[in-house]
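Reading the structure
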Amino acid sequence: MKGEGNLRVISGKARGLKLNTPKNEDVRPTTDRVKESLFNIINFDIMDSNVLDLFAGTGSLGIECLSRGASKCVFVDKSKESMSIVKSNIKKARVENESITMNIDFKSAILSLSNKGEKFNIIFMDPPYYKNMFEDALSMVDQNNLLEEDGVIVVEHDTKDSFPENIGRLYKSRDKKYGKTTLTFYKMEEA
């Protein structure tokens, strides 16, 4: 599903900035309606947070966080075209100093970040629909201890897809449906 109209930054220091989008149909930028609702939900978690945009696509979600005061975002995408768009959007939004890009697959990225001792307050997962990557990615994030104890994982997926209540130490905290798109939120069980 393509983004509606122009993709833009909704709020913060880069508010109103139009972001570059890909020409192919493989990348589905999050629609403004879904994005606005998502950021209303996580708004209080963003300031000074470390963010991981795991299937970055255009970088829209990570850039929105940086615009709203996140301290750092790691953008991961294995597609060279997507990463080129992410880099151009990072430059356009003037958030180069707070951004790290990794043009590799999500498994290699998770292992690399874990080996560096990285932890994140917010992790976005918006992999290509129908590829069954969600559970693998969630399981690897849990096993490699990438989520801060009070952090949140946001998975954007097709409403037809269902997710387990628990994956390792992660539990489903809520679902929000927007037509064909659903956001599922995971948090870490308290030790």
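Data block above holds the structure.
Scope of this entry: the structure provided in the associated data block. (Residues numbered from 1 in each chain as written. Predicted model: local features only at pLDDT ≥ 70, side-chain atom pairs only at ≥ 80, totals over all residues. Heavy atoms only, no water.)

**Section: the sheet that holds strand E4 (residues 120-125)**
What links the strands of a sheet is backbone hydrogen bonding, and the strands pair in either a parallel or an antiparallel sense. Formally: Between any two strands, pairing holds if DSSP finds at least two bridges. Helical segments are the DSSP runs of H or I of at least four residues, strand segments are the runs of E of at least two, and each set is numbered from the N terminus.
In space, the eight strands of this open sheet follow the order E3-E2-E1-E4-E5-E8-E7-E6, with mixed pairing throughout. Two strands in the sheet have a free side with no partner beyond their single neighbour: strand E3 (99-102) and strand E6 (166-167). Relative to E4, strand E1 (residues 50-53) runs parallel, the two being bridged by three bridges. Considered in E4, the bridge of Leu-52 is made with Ile-123.

**Some words on helix H4 (residues 106-115)**
Rules: Between buried and exposed lies partly exposed: a residue is buried under 20% and exposed over 50% of the maximum accessible area for its type, with that area taken using a 1.4 Å probe on protein chains only. Comment: arc refers to directions from the helix axis out to C-beta atoms. Here a polar contact is recorded for every N or O atom pair within 3.5 Å, except that within protein the pair must consist of a potential hydrogen donor and a potential acceptor, and residues adjacent in sequence are included only if both atoms are side-chain atoms.
Buried within H4 are the following residues: Phe-106, Ala-109, Ile-110 and Leu-113. Down the axis, H4 shows its buried residues gathered within 100° of arc, on one side only. Regarding H4, its N-cap is Asp-105, as a side-chain oxygen of that residue lies 3.1 Å from the backbone nitrogen of Lys-107 further along. Positive phi shows up at Gly-117, right after H4, with a value of about 75°.

**Let's talk about the nonpolar core**
Here is the rule: Residues belong to one nonpolar core when they are buried, are Ala, Val, Leu, Ile, Met, Phe, Trp, Tyr or Cys, and are joined through side-chain atoms within 4.5 Å. In this description, contact between two residues means that some pair of their heavy atoms is separated by no more than 4.5 Å.
Membership of the largest hydrophobic core comes to 30 residues, with the highest contact counts inside it found for Leu-38, Phe-39, Ile-42, Ile-63, Phe-75, Phe-124 and Val-154. Looking at this core, the elements that each hand over two or more residues are helix H1 (32-46), helix H2 (60-67), strand E2 (72-76), helix H3 (80-92), E4, strand E5 (147-158) and strand E8 (181-188). With five residues, H1 is the single largest residue contributor to this core. Residues in contact with Ile-63, not counting those within four places in the same chain, are Val-9, Leu-19, Thr-58, Phe-75, Asn-89, Ile-90, Ala-93 and Val-95. Formed by 28 residues, the second largest nonpolar core is a distinct cluster that contains Val-74, Phe-106, Val-155 and Leu-170.

**Topic: the environment of Pro-164**
Looking at the element boundaries, Pro-164 is found in the loop between E5 and E6. A C-alpha to C-alpha distance of 8.6 Å links Pro-164 and Glu-135, two positions 29 residues apart in sequence. Ignoring anything within four residues of it in the chain, the contact list for Pro-164 reads Glu-135, Lys-172 and Tyr-186.

**Focus on the packing of aromatic side chains**
Inclusion rule: Under the pairing criterion, centres of Phe, Tyr and Trp rings, with the six-membered ring standing for Trp, must be within 6.5 Å; the plane angle then separates stacked pairs below 30 degrees from edge-to-face pairs above 60, leaving the rest tilted. Each ring is checked for a lysine NZ or an arginine CZ that lies within 6 Å of its centre and within 35 degrees of its normal; such an atom marks a charge sitting over the ring.
By the definition in use, this model includes three aromatic pairs. Relative to Phe-163, the ring of Phe-134 lies with its centre 5.0 Å away and its plane at 75°, an arrangement referred to as edge-to-face. In this pair, Phe-134 is assigned in helix H5 (residues 134-143) and Phe-163 in the loop between E5 and E6, connecting sequence segments 29 residues apart. Judged by relative accessible area, Phe-134 falls into the buried class, the value being 6%. On the basis of relative accessible area, Phe-163 is assigned to the buried category, the value being 9%. Its end group placed over the ring of Phe-185, Arg-174 keeps NZ or CZ at 5.7 Å from the ring centre.

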